[in-house]
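Overview (structure and organization)
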Amino acid sequence: MDIFTSLNPAQREAVMATEGPLLLLAGAGSGKTRVLVNRIAYMVYNGVRPFNILAITFTNKAAREMKERIGKLLGEGGDVWASTFHSMCVRILRRDIEKIGYDGKFTIYDTEDVAKLMKQILKERNVNDKLLPAQTVLGVIGRKKDMLITPQMYINDAGSDFREQQLAELYDAYQKRLRANNALDFDDLIFQTVELFRKKPEVLDRYQNRFLYISVDEYQDTNYCQYQLVKLLSAKHGNICVVGDDDQSIYGWRGADIRNILDFEKDFPGARTIRLEQNYRSTSTILDAANAVIKNNRRRKGKTLWTENLAGTPIMYHTARTDIEEAAFVVGEIKEKKAEGAAYRDFSVLYRMNAQSRLIEDHLVRESVPYRVVGGVRFYERREVKDVLAYLKAINNPLDDISLRRILNVPRRGIGEETENRISAYAMEMEVPFYDAMESCGEIGGLPYNGKRVKEFANLMEGLTAYAAEKPVAEVIQEVLKQTDYVNELHSTEHDKDVAKDRAGNVLELLAKAEEFEKQAEKENTSASLAAFLEEVALVADIDNYAEGHDAVVLMTVHSAKGLEFNTVFLAGFEEHVFPTSRSIFDTSETGLEEERRLCYVAITRARERLFITNARSRRLFHETAYNQPSRFLKEIPVNLVETVGTETRNSEFPRFSPLAGNMRLLQKAHTMPAPKTGPPAYVEGDSVLQKKYGKGKVLAIKPAGADYEVTVEFPGIGQKKFMAHLSNLEKTNGDD
DNA sequence: CTAGGATCATCAATT
DNA sequence: ATGATCCTAG
């Protein structure tokens, strides 16, 4: 079989080790996807039915690609079940979740839905959301779910600690509400699947008998709950292959447990471990840099990637004066290389946070460089898209209060907060769903026009629901738009015409996606139901739609870039407090910083041939100008691999870029600046001042800036920060302690 | 009661 | 840029 000819010995060994537990430690660029694909092809070649193979991937995109590649190798393979944890669990739950008390048409709540639900709960229980923000509670609940801790278990564990008790009760209330709404959050998808398997062994049995060979990619990013799921599924036959790289574990903050990979051999007795340490992707320069950085982490299995590739060009390091000039440098380099014959698609710009993309986008636009941004505000999270989706969700699942209440007054139909509160109170008192309360709103006192508008809304929903029962998704959307006149409302309520156009465009795009979905479903002979559409929509990641085909520069966070590679990578904002983030720096334990370092390792290893690292001496960060030191990780890269470019001379060239768009923006900004409320600040140079975020600092300089004053303050242990006097509420204090 | 405007605080990474 | 909150005018 030709699959062997191009594999190295370790890869070949991994391909043939199909029986029993296998830990595949695959370094960046070591050809692990190829091994996984070939391994599955090898099984099928040896008589395993594709139907019996499960491949869990990290993104839908990876799943799709895996299927394609298996198909190419075998001419079949369509029956291999390749999907993400979340998609897989939804499929399992749709079929059997009623066995544990949900309805099969459950709704999936996204982050925003869930935040709204929690805010409602806090309000109802009179919990001060300043002291206990919804996000905090949800974070705690998420971690409990990752650990497979139920509300009841948490209540029992809470002991006498008031805060713990309160959190446990909120978790309980939250979970009950989800159930009443027939909704699951993202964590529930996995959690409830494990619950289902534990409570209904016959269901587990069915899947154990079906999935005789299981592989899990990006195993270092699984959490405890996912680990248990995998363990349950493979318990009978033990043919479980996990692939990962502990050095690329970057999702600790969302519950990924690095122990899963560190302890695999313990958890799955008899496991074999195979290491893939030869890198085929990057130049030795890039690889040496990555190795040098990651070896500073204490908590790792330890491995060193090597390559036969040539050294290539040095890593280019550039410090710009400002973040604006940094962006100009990046775009300038891209244009230069493009002129020398490179394609735009050869370049990616990676950054630590989405907010950094703005400046770079501005410059790309200005210089007419085609680009794509992955991540940021996602399509399905836009307000107008979510509004339309809320109609669909409410139609699909009338118990979904969150969606129903979202559209109760969207578009405006004269149903305000007070009315909503009264219906909600009635619903709670009578212990009926919100929808039912709406229908019997005649019995609720105090509603304007005796609840006429509410009644009308209920009728609208009823009509739409009946319509949806017999029409395909796209037509339902059209009907919703028609009946609500949503697009016109958009134009009349939105003042900014461009924004309104944009939003209307997004609504149409949603419609187009629905049509596409129907076509796809017909082709693949899968369900085109409303529920299926909503499910797809809930689980797509932005990266899933990233097609390499377009010739465009691609911008994304380092997190999104995991698993991808580019000829040339720009790593922008390589500064303390940005990368690594402030939070990780101030974290007393090393874990946060080690995760940042792994993230840095991921970033570096995305590059095949060229790596640019850039930073800026000053940067607008949130609402201040920050003066950050270069990232500490820079010092960990051996100097002989790095060439510093253009730091001074280039700066003088920067103002030359075509000025119009940018200056217009600056002008507009300047005009919208509010006039200062006061004269000179109440402190002078040398005074001690208090700033609410950074605490006490010393004023180094005060200088006039337009109508206001720019104040430079030195904070011990943090560094210098600049503020606009009237915006910053700096308070003069005495200089003690 | 509701709509609409103004003001203010907030802001990592994602399925 | 967005949401929460407060105010004013119908």
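Reading the values: the criteria
Residues numbered from 1 in each chain as written. Chains lettered and ligands numbered in written order. Predicted model: local features only at pLDDT ≥ 70, side-chain atom pairs only at ≥ 80, totals over all residues. Heavy atoms only, no water. Helix = DSSP H or I, 4+ residues; strand = E, 2+ residues; numbered from the N terminus. Buried < 20%, exposed > 50% of the residue type's maximum accessible area, 1.4 Å probe, protein only. Contact = heavy atoms within 4.5 Å. Areas by Shrake-Rupley, 256 points an atom, 1.4 Å probe, with all protein chains shown as cover. Expected span 1.5 Å × (residues − 1). Polar contact = N/O pair within 3.5 Å; in protein donor to acceptor, adjacent residues only side chain to side chain. Core = buried A, V, L, I, M, F, W, Y, C linked by side-chain atoms within 4.5 Å. Near = heavy atom within 4 Å. Disulfide = S-S within 2.5 Å. Phe/Tyr/Trp six-rings, centres within 6.5 Å; stacked < 30°, edge-to-face > 60°. Axes fitted to C-alpha atoms, helices over the stretch in contact; angles between N-to-C directions. Parallel < 35°, antiparallel > 145°, perpendicular 65-115°, else oblique. Nonpolar A, V, L, I, M, F, W, Y, C, P; charged D, E, K, R; others polar. Pairing = 2+ DSSP bridges.

Scanning chain A for helices and strands turns up 32 helices and 21 strands. Taking all 737 residues of chain A together, the buried fraction comes to 54%. In chain A, of all internal contacts separated by at least 6 residues, the share reaching a separation of at least 24 is 75%. Surface exposure of chain A reaches about 34,100 Å², of which carbon and sulfur atoms provide 50%.

Within the secondary structure, Asp-401 sits in helix H18 (residues 401-407). For Asp-401, a relative accessible area of 12% puts it in the buried group. Residues Asp-401 and Gln-478, 77 residues apart in the sequence, show an inter-C-alpha distance of 23 Å.

A word on helix H9 (residues 186-199). Counted at 1.5 Å a residue, the expected span for H9 with its 14 residues is 20 Å, and the 20 Å between its end C-alpha atoms agrees. For H9, a buried count of 10 out of 14 residues is recorded, marking the element as mostly surrounded by other parts of the structure. Buried within H9 are the following residues: Asp-188, Leu-189, Ile-190, Phe-191, Gln-192, Thr-193, Val-194, Glu-195, Leu-196 and Phe-197. N-capping of H9 is provided by Asp-185, with a side-chain oxygen placed 3.2 Å from the backbone N of Asp-187.

Tracing the sequence through the fold places Asn-38 in helix H2 (residues 32-45). Within polar-contact distance, the side chain of Asn-38 engages the backbone oxygen of Arg-34 at 2.6 Å.

Moving on: the environment of Val-487. Within the fold, Val-487 resides in helix H23 (residues 486-493). Taking the C-alpha atoms as reference points, Val-487 and Ala-500, separated by 13 residues in sequence, lie 8.8 Å from one another. Those residues in contact with Val-487 that sit more than four places away from it in its chain are Ala-504 and Val-507.

Below, the discussion takes up the nonpolar core. The biggest cluster of nonpolar side chains holds 71 residues, and the ones touching the most others in it are Met-88, Met-118, Tyr-174, Leu-189, Phe-197 and Val-216. Here the element with the most residues in this core is helix H8 (residues 162-180); it accounts for seven residues. Counting 50 residues, the second largest nonpolar core, distinct from the first, contains Leu-389, Ala-458, Val-507 and Phe-517.

Bringing the environment of Ile-92 into the picture now. With respect to the helices, strands and loops of the structure, Ile-92 is situated in helix H4 (residues 85-96). With 306 residues separating them in the primary sequence, Ile-92 and Pro-398 have C-alpha atoms 22 Å apart. Residues in contact with Ile-92, not counting those within four places in the same chain, are Trp-81, Thr-193, Leu-196, Phe-197 and Tyr-207.

Residue placement: Thr-59 occurs in the loop between strand S2 (53-57) and helix H3 (60-74). Side-chain polar atoms of Thr-59 contact the backbone nitrogen of Ala-62, separated by 3.0 Å. Residues within four places of Thr-59 in sequence aside, it is in contact with Thr-84, Ile-543 and Asp-544.

This part takes up helix H5 (residues 111-124). The end-to-end C-alpha separation of H5 is 20 Å, in line with the 20 Å expected for 14 residues at 1.5 Å each. When we look at burial in H5, the residues that qualify are Asp-113, Val-114, Ala-115, Leu-117, Met-118, Gln-120, Ile-121 and Leu-122. The opening residue of H5 is Asp-110, an N-cap whose side-chain oxygen sits 3.0 Å from the backbone nitrogen of Glu-112. Backbone geometry just after H5 places Asn-126 at a positive phi near 55 degrees.

With that settled, consider the protein's contact with DNA strand B. In the region of DNA strand B, 31 residues are neighbours, and Arg-352, Glu-418, Thr-419, Arg-422 and His-623 sit closest. Counting only atoms of DNA strand B within 4 Å of the protein, the fraction found in sugar and phosphate groups is 52%. Contacts to DNA strand B include Trp-253, whose side-chain N or O atom sits 3.2 Å from a base nitrogen. Arg-412 has a polar side-chain atom sitting 3.3 Å from a phosphate oxygen of DNA strand B. Going through the elements one at a time, helix H19 (417-430) and helix H26 (558-561) are the ones with two or more residues in the surface near DNA strand B.

Summed over the entire model, instances satisfying the criterion amount to zero disulfides. Here Cys-225 stays unpaired: no disulfide links it, and the sulfur of Cys-89, its closest cysteine neighbor, is 7.8 Å away. Accessibility expressed as a relative area gives 2% for Cys-225, which makes it buried. Note on Cys-241: no disulfide assigned, nearest cysteine sulfur contributed by Cys-89 at a separation of 19 Å. Owing to a relative accessible area of 0%, Cys-241 belongs among the buried residues under this scheme.

To continue, consider the packing of aromatic side chains. Under the counting rule described, the total for this entry stands at 17 aromatic pairs. Judged by centre distance (5.9 Å) and plane angle (80 degrees), the ring pair of Phe-574 and Phe-579 falls under edge-to-face. The buried category is assigned to Phe-579, whose relative accessible area is 0%. Put simply, the rings of Tyr-219, Tyr-224, Tyr-227, Phe-264 and Phe-268 pair up and form one aromatic cluster.

A pair of packed helices is captured by two measures, namely the crossing angle of their axes and the spacing between those axes. Where helix H22 (residues 473-484) meets helix H24 (residues 497-524), the closest approach of the two axes is 8 Å, and the angle between their N-to-C directions is 155 degrees. The angle between the axes of H22 and H24 places the two elements in the roughly antiparallel class. Two secondary-structure elements touch here, H22 through Val-473, Ala-474, Ile-477, Gln-478 and Leu-481 and H24 through Val-507, Leu-510, Leu-511, Ala-514, Glu-515 and Glu-518. Of the residues assigned to the contact of H22 with H24, the class counts are eight nonpolar, one polar and two charged.

Moving residue by residue along a regular strand, the side chains alternate between the two faces of the sheet. Of all five residues that make up S2, five are buried, and the element is covered over most of its length. Residues Ile-53, Ala-55 and Thr-57 of S2 are buried on one face, and the alternating residues Leu-54 and Ile-56, pointing to the opposite face, are buried as well. The pairing of S2 with strand S6 (residues 213-216) spans four bridges and is classified as parallel. Bridging across to S6, Leu-54 finds its partner in Ile-214. Alignment of S2 against strand S3 (residues 81-84), held across four bridges, turns out to be parallel. When the sheet's bridge partners are listed, Ala-55 is paired in S3 with Ala-82.

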